[in-house]
Amino acid sequence: MNPADIAVLIVGLGLSGILGWFFFGPKKAHAATQLGNLQEVTVTVKGGYSPDLVRVRQGVPLRIVFDRQESGECTSRVVFPDFALNRSLSAYGQTTVELLPDRVGEFGFACGMNMVHGRLIVESSTNGHGAPSATARANDSSPSSKTGGTSEQPDALSEDHEMAERKAEIRDLTLRMAVGAVLTAPVLFATMTGSFLPVAILANHWLQLALITPVMFYSGWPIHRTGWLTLLHRQAEMNSLITLGTSAAFGYSLVVTVAPGILPPGLRDVYFEAAGVIITLILLGRLFEARAKAGTGESIRKLIGLQARTARVVRDGTETDIRIEDVVAGDVITVRPGEKIPVDGDVVDGESSVDESMVTGEPIPTTKRTGDIVIGATINRTGSFHFRAVRVGRDTMLAQIINLVQQAQGSKAPIQRLADTMSSYFVPAVIGIAIWTFVAWFVFGPQPAFTSAMVAAVAVLIIACPCALGLATPLSVMVSTGKGAEQGILIRSAEALETAHKLNTIVLDKTGTITRGEPALTELLLSQPVGFDSITGKGVRANVDGRSILIGNPALLRDAGIDSAALEAEADQLSADGKTPLLVAIGGKPAGVLAVADTLKEESVTAVAGLRALGLEVVMITGDNRRAAAAIARRVGIGRVLAEVLPNRKAAEIRRLQAEGRQVAMVGDGINDAPALAQADIGMAIGTGTDVAIESSDVTLISGALTGVVTAIQLSRATMRNIRQNLSFAFAYNVVGVPIAAGVLYPFVGLRLSPMIAAAAMAMSSLSVVSNANRLRGFRSKPVQPTTIGHPEAEPSVEVGADGARPIQESAPWGAGDDMSEKTTVIDPVCGMTVDTASAEYRSFHDGKAYYFCSAGCKASFDKDPAKFAGAGAKGGHEGH
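Quick look at the structure, then. (Residues numbered from 1 in each chain as written. Predicted model: local features only at pLDDT ≥ 70, side-chain atom pairs only at ≥ 80, totals over all residues. Heavy atoms only, no water.)

1. A closer look at unusual backbone geometry
Of note, the amide linkage connecting Ser50 to Pro51 takes the cis form, showing an omega dihedral of 0 degrees. Not every positive phi belongs to a glycine, and Asp316 is a case in point at roughly 55 degrees. Among the secondary structure elements, Asp316 is positioned in the loop between β13 (310-315) and β14 (318-323). Asp316 sits in the exposed class, given a relative accessible area of 82%. The phi torsion at Ala377 lies on the positive side, around 85 degrees, for a residue other than glycine. If you trace the backbone, Ala377 turns up in the loop between β19 (373-374) and β20 (379-380). (Helix = DSSP H or I, 4+ residues; strand = E, 2+ residues; numbered from the N terminus. Buried < 20%, exposed > 50% of the residue type's maximum accessible area, 1.4 Å probe, protein only.)

See the structure below:
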């Protein structure tokens, strides 16, 4: 090994040590300044965050003033995923973001494209007082720039500003790319053909320098500016790698051109074409990427675009058109056919049909009458009406939807942590690989060693693409949460979106979820009576045309001395169908039966079939008695029922299912079922209009349609497939591309990768991720095929719980008329011992039957091989009654 090789090895070791300290050495945290009852810090956004490490106190409101001294989409937003905060930042302006750091730890924040990062270090407060919950809000403090949104029109201005900024960036990229292409083309042609104008070689170098210098410093300026500034912050990302690579190629070529005599004759090749082509290709890829990204936020813009701009308000008896921002609660507003409803409120007079599809996702117009709720941004179709404004500004349903979608887009899915961890080490690792690629080629490569080493190192820097890795998850989340909102499905966080694809059990509350929650008369075997009076706890009495009419329970007829035996058969049949029979007597004689029931929602059977088609077990939970619950379950095709469960026991039932190793989603009304929704792995609130219970659920179905659960799970699965594809593209590209660029194939097949090819491949990697994420924009819920709809007549497995305890009953299928409630003991199928079902602590389910065990060991043995013991359990049956 000659002295030059030894010197390069020493330099390589030294640079590696400096590299490790530079990126991973200790950094000084900037402490926030205490101002009265809050703490404040100013963060400059210019190629990164400065400071990017901020120390704050727990429980003290924090105000961060982001001073953004640049434009471009990358840093146009700041995201605090742990605080569900996602805010727009003004270009060349200041934006104030306020949040409450209520827990100790380190919490990251990043730009909207997940490429620029900072950290909050929350330390325990010295006064010992913490905050009860995390809250966040944003207000714009710059008089000249209102990008944080206003109190009346949430983030509409910020979205308009971002769209304008994105369009300006696309125009700028187009111009810079065109300049690069025009000036680089002749240099590339000369390199490929071996000649360029009949001039001396020195003049050729100077001419190439003249052509490529504008490409380097004008076309490549956005790349170099961000790249060097990021390195200055002791961080690095895609721009840093491109900057290092092209600067090395251009700088070496500049030395060859200006002072060729200082280099040996064999090292006087120039690489101007490489620098020009790399920058031009990167700009071209970034242009395509910017155009593709413009679609990822389209859902939010659509939602904001739904908002009416004016309202026709009745004040002092006069109708006046005013700005939507000036509407206040209590105003009476006139709506004519074809107009948008400005804000949320209650109809005070008039009648019309209203298209609520843009908010609920349901295409069928809804008839609105006096007292009904109307939602802002929906469209009045036929008649005219007046309504009183109830919720305005940020309190409207549309504002809540927009806010929730933005929170979800600002949150971080668990799968993204892997990508973020990889990204934090990725760029330093690539720079390290480039250093040792140079060393390896210089020491062991062919001559000219220096040129070969430089070309290989530049190729490594150029081909690596942390951008694809960083964008893999957030872009898919952004598209899918917006797509869900378009279909009336509000997903609270990226974590909920990811968790939903793992579900294997769906628990449906009966009342208001499977059924309408409004009892209705379903059968009438008798002329309708009039003028009746209520008899508490028994029924009603009426006189029609001088004839006495009684309608109620058997006790009412018995008290009147009427024999109701003739009506019992019909009453029993109605009871078996889950309906409440009301006996009728006319003139002292039994006359007929009325049936009252909580009717099924039209889509319930289809929704349950859809869930089962997705491979999910569907369970119904209800406070109804066993027989009525079984009848409803049978009609919708549900195979397992938890009946007679008091509201305060629903969360315990969810815990029990989770203890069986299940990933459980609870679907309920979001109010009475709040504890169960919170306990479940995913809580889905069924709600309509402005009564949707956003705070108690992970997913909110605005329309109240149970089919939304099917759509939500399909969307989650499609999103996770998309994210995995993105990550596969990013990982595979870098895992394969970087070693090839470093030259691992050269000793075997003589393959070396040109930096220009590396640049094209790098541009394509980012574009492939963005394009793949955009495929989610075409997501459509797959309809349930008729052949997949379940068997409504199949008898469900019913488990009964009551009075705050769980007297467990036999849950094997039973027929009408069976009285299983008397059976209290069964045989442990593993050890043969008698087990009391009312107090059995351990049980499992297999093939629709329940099996009870005397100990955890017996249960574990059964769960390992149910088929081995199921026969014994079946033979043992019930020992006592």
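2. A short note on the nonpolar core
Membership of the largest hydrophobic core comes to 138 residues, with the highest contact counts inside it found for Phe66 and Phe80. Ranked by residues supplied to this core, first place goes to helix α22 (residues 707-742) with 14 residues. Excluding residues that lie within four positions of it along the chain, Phe66 makes contacts with Val43, Val45, Tyr49, Val78, Phe80, Leu89, Gly93, Gln94, Thr95, Val97 and Phe109. With 16 residues, the next largest nonpolar core counts Ala311, Ile341, Val343 and Phe385 among its residues. (Core = buried A, V, L, I, M, F, W, Y, C linked by side-chain atoms within 4.5 Å. Contact = heavy atoms within 4.5 Å.)

3. With respect to a nonpolar patch on the surface
Side chains of Met1, Ile6 and Ile10 sit close together on the surface and give an oily, nonpolar patch of about 320 Å² of accessible area. Along the chain, the position of Ile6 falls in helix α1 (residues 3-24). In this structure Ile6 comes out as partly exposed when scored by relative accessible area, which is 39%. (Patch = residues over 30% accessible without salt bridge, like charges linked within 9 Å, V, L, I, M, F, W, Y side chains within 5 Å. Areas by Shrake-Rupley, 256 points an atom, 1.4 Å probe, with all protein chains shown as cover. Salt bridge = Lys/Arg side-chain N within 4 Å of Asp/Glu carboxyl O.)

4. Let's talk about the packing of helix α11 (residues 449-463) against α22
Here α11 crosses α22 at 165 degrees, and the two axes come no closer than 8 Å. Taken together, the axis directions place α11 and α22 in an arrangement best described as roughly antiparallel. In this structure, α11 crosses over α22, and the sense of that crossing is right-handed. Residues Ala456, Ala459, Val460 and Ile463 of α11 form the contact with α22, whose participating residues are Tyr733, Asn734, Gly737, Val738, Ala741 and Ala742. Along the lines of polarity and charge, the residues of the contact of α11 with α22 split into 8 nonpolar, 2 polar and no charged. (Axes fitted to C-alpha atoms, helices over the stretch in contact; angles between N-to-C directions. Parallel < 35°, antiparallel > 145°, perpendicular 65-115°, else oblique. Left-handed = near helix turned anticlockwise from the far one by under 90°. Nonpolar A, V, L, I, M, F, W, Y, C, P; charged D, E, K, R; others polar.)

5. With respect to the pairing of strand β26 (residues 539-544)
Sheet analysis places β26 next to strand β27 (residues 547-552), joined by 6 bridges and oriented antiparallel. Looking at β27, one finds that Arg541 is bridged to Leu550. (Pairing = 2+ DSSP bridges.)

6. So, the sheet that holds strand β8 (residues 85-88)
With mixed pairing, 6 strands are arranged side by side in an open sheet as β1-β5-β11-β10-β7-β8. Strands at the two margins of the open sheet, each flanked by one partner only, are β1 (30-31) and β8. Pairing between strand β7 (residues 77-80) and β8: 4 bridges, direction antiparallel. Looking at β8, one finds that Phe80 is bridged to Leu85.

7. What about the packing of aromatic side chains?
One pass over the structure, following the stated rule, counts 17 aromatic pairs. Taking the centre distance of 5.1 Å and the plane angle of 50 degrees together, the rings of Tyr49 and Phe109 count as tilted. Highlighted residues: Tyr49 in strand β4 (residues 49-50) and Phe109 in strand β10 (residues 105-111), separated in sequence by 60 residues. Summarising the burial analysis for this pair, Tyr49 and Phe109 share the class buried. Members of the aromatic cluster, connected to one another through ring pairs, are Tyr49, Phe66, Phe80 and Phe109. Taking the ring centre of Tyr218 as reference, the NZ or CZ of Arg176 above it sits at 4.6 Å. (Phe/Tyr/Trp six-rings, centres within 6.5 Å; stacked < 30°, edge-to-face > 60°. Lys NZ or Arg CZ within 6 Å of the ring centre and 35° of its normal.)

8. Considerations on the packing of helix α13 (residues 474-486) against α22
For any two helices packed against each other, one specifies the crossing angle of their axes together with the interaxial distance. Running from N to C, α13 and α22 point in directions that differ by 165 degrees, and their axes come no closer than 10 Å. Considering the angle they form, α13 stands roughly antiparallel to α22. Crossing geometry of α13 relative to α22 is assigned as right-handed. Every residue of α22 that contacts α13 at Ser476, Val477, Ser480 and Gly484 is listed here: Leu715, Thr719, Asn722, Ile723 and Asn726.

9. Considering the sheet that holds β20
What the 3 strands build is an open sheet, ordered β18-β17-β20; its pairing is antiparallel. Edge strands, defined here as strands with exactly one partner in the open sheet, are β18 (366-368) and β20. Bridge analysis of strand β17 (residues 352-355) against β20 gives 2 bridges, and the strand direction is antiparallel. Paired with Val354 across the strands is Asn380, a residue of β20.

10. Brief notes about α11
Look at α11: 21 Å from first C-alpha to last across 15 residues, which is about the 21 Å you get at 1.5 Å a residue. Counted residue by residue, α11 has 14 buried out of 15 residues, so it is predominantly covered. (Expected span 1.5 Å × (residues − 1).)

11. Observations regarding the environment of Gln307
Note on placement: Gln307 falls in the loop between α7 (298-305) and β13. Given the relative accessible area of 13%, Gln307 is considered buried. Sequence-wise, Gln307 and Gly376 are 69 residues apart; in three dimensions their C-alpha atoms are separated by 7.3 Å. If we skip the residues at most four places from it in the chain, Gln307 touches Ile324, Lys340, Pro342, Ala377 and Leu398.

12. Observations regarding the environment of Ala742
Among the structural elements, Ala742 can be located in helix α22. As for Ala742 and Ile433, which are separated by 309 residues in sequence, their C-alpha atoms are 7.8 Å apart. Setting aside chain neighbours within four positions, we find Ala742 in contact with Thr437, Trp441, Ala456 and Val460.

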